[in-house]
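# Examination of the molecular architecture
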Amino acid sequence: SPRPPAAESAGGEGSGARAAMADAAAAVVGAAEGDVPPRWQLANACGPRWTSDSTCAFRVWAPHGEAVAVQVQDGDGEREVPMTRQGDFWEVETNATPGMRYRIAMGSSWNDCFQQEGARLFRRDPCAREADFESTWCILHPPVRPMPAFHAPKFNELVIYELHL
């Protein structure tokens with residue numbers, strides 16, 4: 001018997017979500033040697049993400065930002081790496097090392113603190129794993145690595161300790 005056409009195959013309500021899930025699965029399968037591939041790849045994930053052992057990609061949501069950059073502190077001092085705009089997001093890849101400090105630098109005509117801060121703003125990355133408490137610097141953590149496989153010891157190799165209180 002003929003089957004009725006599904007709403008998804010006709011470009012209906014679920015086709016966009018299904019395509020997004022397929023893109024996310026392809027991104028996880030094709031992940032580089034940097035961070036462990038996440039279980040759920042977010043389409044617009046922000047923050048630092050290791051793409052290799054010495055390269056880190058940064059992504060920031062700044063819809064009203066102007067001339068957004070990542071400012072990094074390494075052994076040679078401070079350097080500013082300009083980001084490229086992708087809609088409301090800004091992205092860049094740069095050489096990095098674990099423990100390096102970074103922050104977001106931007107200009108904005110929407111700055112309501114212009115009198116106090118000036119035309120150039122320095123902000124913490126809200127998606128950073130660690131931030132310096134008394135400044136706008138964030139600390140770049142090493143790439144996330146999978147835990148080694150756990151193999152339980154045999155029963156005769158266990159040490160059982162019993163404690164009575």
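Note that this is a predicted model, so its numbers are computed, not measured.

The next subject is the pattern of salt bridges. Throughout the structure, instances matching the rule amount to four salt bridges. Between R101 and D132 there is a salt bridge; the shortest N-O distance is 3.5 Å. Here D132 lies in the loop between β9 (130–131) and β10 (138–139) and R101 lies in strand β7 (residues 101–107), a separation of 31 residues in the sequence. According to the relative accessible area criterion, R101 is partly exposed, its value standing at 26%.

The next point concerns the sheet that holds strand β6 (residues 89–95). Backbone hydrogen bonds hold the strands of a sheet together, and the pairing may be parallel or antiparallel. The strand order across the open sheet built from four strands is β1-β2-β6-β5, with neighbouring strands paired in antiparallel fashion. A strand with exactly one partner marks an edge of an open sheet, and here the two such strands are β1 (47–50) and β5 (84–86). Averaged over all neighbouring strand pairs, the angle between strand axes comes to 30 degrees, with direction disregarded. One ladder, built from four bridges, connects β1 with strand β2 (residues 55–61); its direction is antiparallel. When the bridges of β2 are listed, R49 appears paired with A57.

The next point concerns the packing of aromatic side chains. Given two aromatic rings, one states the distance between the centres and the angle between the planes to describe the pair. Within the structure shown, the criterion is met by one aromatic pair. Ring centres of F58 and Y102 lie 4.9 Å apart, and the angle between their planes is 55 degrees; this geometry places the pair in the tilted category. Here F58, found in strand β2, pairs with Y102, found in strand β7; they are 44 residues apart in sequence, far enough to count as distant. Across the pair, Y102 and F58 agree in class, each one buried. The ring of F89 is capped by R59, whose NZ or CZ atom sits 4.3 Å from the centre of that ring. Sitting above the plane of the F122 ring, R103 keeps its charged end 4.3 Å from the centroid.

So, how was this worked out
Residues numbered from 1 in each chain as written. Predicted model: local features only at pLDDT ≥ 70, side-chain atom pairs only at ≥ 80, totals over all residues. Heavy atoms only, no water. Salt bridge = Lys/Arg side-chain N within 4 Å of Asp/Glu carboxyl O. Helix = DSSP H or I, 4+ residues; strand = E, 2+ residues; numbered from the N terminus. Buried < 20%, exposed > 50% of the residue type's maximum accessible area, 1.4 Å probe, protein only. Pairing = 2+ DSSP bridges. Axes fitted to C-alpha atoms, helices over the stretch in contact; angles between N-to-C directions. Phe/Tyr/Trp six-rings, centres within 6.5 Å; stacked < 30°, edge-to-face > 60°. Lys NZ or Arg CZ within 6 Å of the ring centre and 35° of its normal.

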